[in-house]
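As a plain string of letters, each chain reads:
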Amino acid sequence: MSQAQLMDGTALARRIVEDTAKRAADLKDRTGAAPCLATVLVGEDPASVTYVRMKQNRCRKAGIESRHVALPAATTTAELVGTLRALSEDPTVHGILLQHPVGPHIDERAAFEAIDPRKDVDGVTLSSYSAMSFGLPGFVSCTPGGIMRLLDEYDVDPAGKRAVVVGRSAILGKPVGMLLLGRDATVTYCHSRTKDLSSVVREADIVVAAVGRPRLIRGEDVKPGAVVIDAGYNPGNVGDVDFDTAVTRAGLITPVPGGVGPMTIAVLLEQTVAAAERRPGV
Ligand code: NAP
């Protein structure tokens, strides 16, 4: 039985971070200041605390300064907007990451829009999204950006290919579909109201699973030789694709963990350094 080649996100992410660290050191030599990422966390949700800590640690290792703003769970939209505007105006901060989801009492969109697009290294503002959709310069949402880098690394040219994106969230499914469209794939989005998901997946040359449902994508629905990108991350290190069967049919496949996951932080760090490099006067 044939086995797909694994798309090694850990190795690619390591190379991106090494390159990013060199650029950060160079910038510090030239300007006297390291790139700086501000992380903002509302409340103390344990998973969010862990994610932010992980991002700070990675920043430190790459020579990127991180500044953390911890806000109480009762923070209002106006207070959060005020914090993000102040960071947007602070010349010593180059990238801003608002850890989300924020509490239900906060208008998340209003908060995101308080981030200066030039510092929107997590690609969450409407401005970043439209720039990405129009193929204009700007910061992309990190996981979709990481997925495109993985495709490039393994010489997968989306042009003319049938790409099926399962999931349409604002941070993952929708933008990855737009990026694939920008690279001339024929893109189909699937979501919770899609009828007969299997028959759509069976058509795909490239499948992106971005759902959050363990093993939703059945291996037997993977077209022989297809590229399978599993962005899902479910408890127990399980992806959205039934890996054991899919690996026997796909041409290329991302493992979980070690596929898409490591790429997200790598792209975040890279975009932070790019934001610091692009600021006026550098
Ligand atoms: P999300 O906001 O919950 O969106 C899930 C999407 O899946 C929605 O569009 C939903 O459709 C769709 N969906 C749900 N059930 C479905 C079904 N039975 N059939 C087809 N589509 C279905 O999730 P997300 O934030 O995009 O995250 C998705 C997964 O990626 C999660 O496992 C998450 O942990 C992972 N993730 C990983 C990274 C990383 O760094 N590797 C980053 C972000 C997310 P509707 O729109 O109709 O509700």
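Criteria and cut-off values
Residues numbered from 1 in each chain as written. Predicted model: local features only at pLDDT ≥ 70, side-chain atom pairs only at ≥ 80, totals over all residues. Heavy atoms only, no water. Helix = DSSP H or I, 4+ residues; strand = E, 2+ residues; numbered from the N terminus. Rg over C-alpha atoms; globule rule 2.2 N^0.38 Å. Buried < 20%, exposed > 50% of the residue type's maximum accessible area, 1.4 Å probe, protein only. Contact = heavy atoms within 4.5 Å. Areas by Shrake-Rupley, 256 points an atom, 1.4 Å probe, with all protein chains shown as cover. Lys, Arg positive; Asp, Glu negative; His and termini not counted. Charge placed at Lys NZ, Arg CZ, Asp CG, Glu CD. Expected span 1.5 Å × (residues − 1). Arc of directions from axis to C-beta. Near = heavy atom within 4 Å. Polar contact = N/O pair within 3.5 Å; in protein donor to acceptor, adjacent residues only side chain to side chain. Nonpolar A, V, L, I, M, F, W, Y, C, P; charged D, E, K, R; others polar. Pairing = 2+ DSSP bridges. Axes fitted to C-alpha atoms, helices over the stretch in contact; angles between N-to-C directions. Domains from an automatic or database assignment. Right-handed = clockwise from strand over helix to strand, strands pointing away. Parallel < 35°, antiparallel > 145°, perpendicular 65-115°, else oblique. Left-handed = near helix turned anticlockwise from the far one by under 90°.

(A) Region of interest: the overall build of the chain. Looking only at helices and strands, one finds 10 helices and nine strands in the chain. Rg of the C-alpha trace for the chain: 19 Å, near the compact-globule value of 19 Å for 282 residues, within the 12% margin. In terms of principal-axis extent, the alpha carbons of the chain reach across some 55 × 40 × 35 Å. The 282 residues of the chain split such that 50% are buried. Considering only residue pairs separated by 6 or more positions, the chain has 70% of its internal contacts joining residues 24 or more positions apart. Only carbon and sulfur atoms are counted for the fraction: they give 53% of the accessible area of the chain, which is about 13,200 Å². Charge-centre separation for the chain: the mean point of 32 positive side chains lies 0 Å from the mean point of 33 negative side chains.

(B) Just helix α2 (residues 46-61), in detail. An ideal rise of 1.5 Å per residue puts 22 Å on 16 residues; α2 measures up with 23 Å between its terminal C-alpha atoms. Ser48, Val52, Lys55, Gln56 and Cys59 are the residues of α2 that are buried. All buried residues of α2 fall inside an arc of 100° around its axis, so they share one side. Away from the buried face of α2 by more than 90 degrees, exposed residues Pro46, Arg60 and Lys61 are located. Summarising the contacts, the buried residues of α2 are in contact with β2 (36-42), β3 (65-71), β4 (95-98) and α10 (261-278). Gly63 lies just past α2 and shows a positive phi near 75°.

(C) Region of interest: the site of the ligand. In the vicinity of the ligand lie 21 residues, with Arg168, Ser169, Ser192, Tyr233 and Thr264 positioned nearest. Interatomic distance of 2.5 Å between a side-chain N/O atom of Ser192 and an oxygen atom of the ligand. Out of a free accessible area of 930 Å², the ligand has 69% covered by protein chains. Within the shell around the ligand, the residues separate by chemical class into nine nonpolar, 10 polar and two charged.

(D) Local environment of the sheet that holds strand β1 (residues 5-6). Sheet architecture is open: six strands sit in the order β1-β9-β8-β7-β5-β6, paired in parallel fashion. Edge positions in the open sheet fall to β1 and β6 (186-190), since each of these has one partner strand only. Where strand β5 (residues 162-166) meets strand β7 (residues 206-209), four bridges bridge the pair, whose relative direction is parallel. In the strand pairing of β7, Val164 is matched with Val207. Against the sheet, helix α7 (residues 173-182) touches β5, β6 and β7, its axis set at about 170° to β6.

(E) Just the side chain of Ser128, in detail. Looking at where Ser128 falls in the secondary structure, it is placed in helix α5 (residues 126-134). Setting aside anything within four residues of it in sequence, one finds Ser128 in contact with Pro117, Asp120, Gly123 and Phe139.

(F) Examining the domain arrangement of the chain more closely. What the domain assignment lists for the chain is domain 1 (31-118) and domain 2 (141-262). For domain 1 versus domain 2, the separation of C-alpha centres amounts to 29 Å.

(G) Highlighting the sheet that holds β2. Strand order in the open sheet formed by three strands is β3-β2-β4, with parallel pairing between adjacent strands. Sheet topology places β3 and β4 at the edges, where each strand pairs with a single neighbour. Pairs of neighbouring strands in the sheet enclose a mean axial angle of 20°, with direction left out of account. For β2 and β4, the ladder comprises four bridges, and the chain directions are parallel. Opposite Thr39, over in β4, you have Leu97 as the bridge partner. Each of β2, β3 and β4 is contacted by α2, which is oriented at about 170° to β2, the strand it contacts most.

(H) Seen up close, the pairing of β6. When β5 meets β6, the two strands line up parallel, connected through five bridges. Note on β6: the bridge partner recorded for Arg162 is Thr186. Once you follow β5 into α7 and on to β6, the crossover reads as right-handed.

(I) Quick look at α10. Taking 1.5 Å as the rise per residue, α10 with 18 residues should run 26 Å; its terminal C-alpha atoms sit 27 Å apart, in good agreement. Within α10, 13 of the 18 residues are buried, leaving the element largely enclosed by the surrounding structure.

(J) Structural detail: the packing of α2 against α10. Between α2 and α10, the least distance of the axes is 10 Å, while the angle of their chain directions is 55°. Here α2 is positioned oblique relative to α10, judged by the angle of their axes. The handedness of the crossing between α2 and α10 is right-handed. Between α2, through Met54, Lys55, Arg58 and Cys59, and α10, the contact on the second element is made entirely by Ile265, Leu268 and Leu269. Per-class residue counts for the contact of α2 with α10 are five nonpolar, no polar and two charged.

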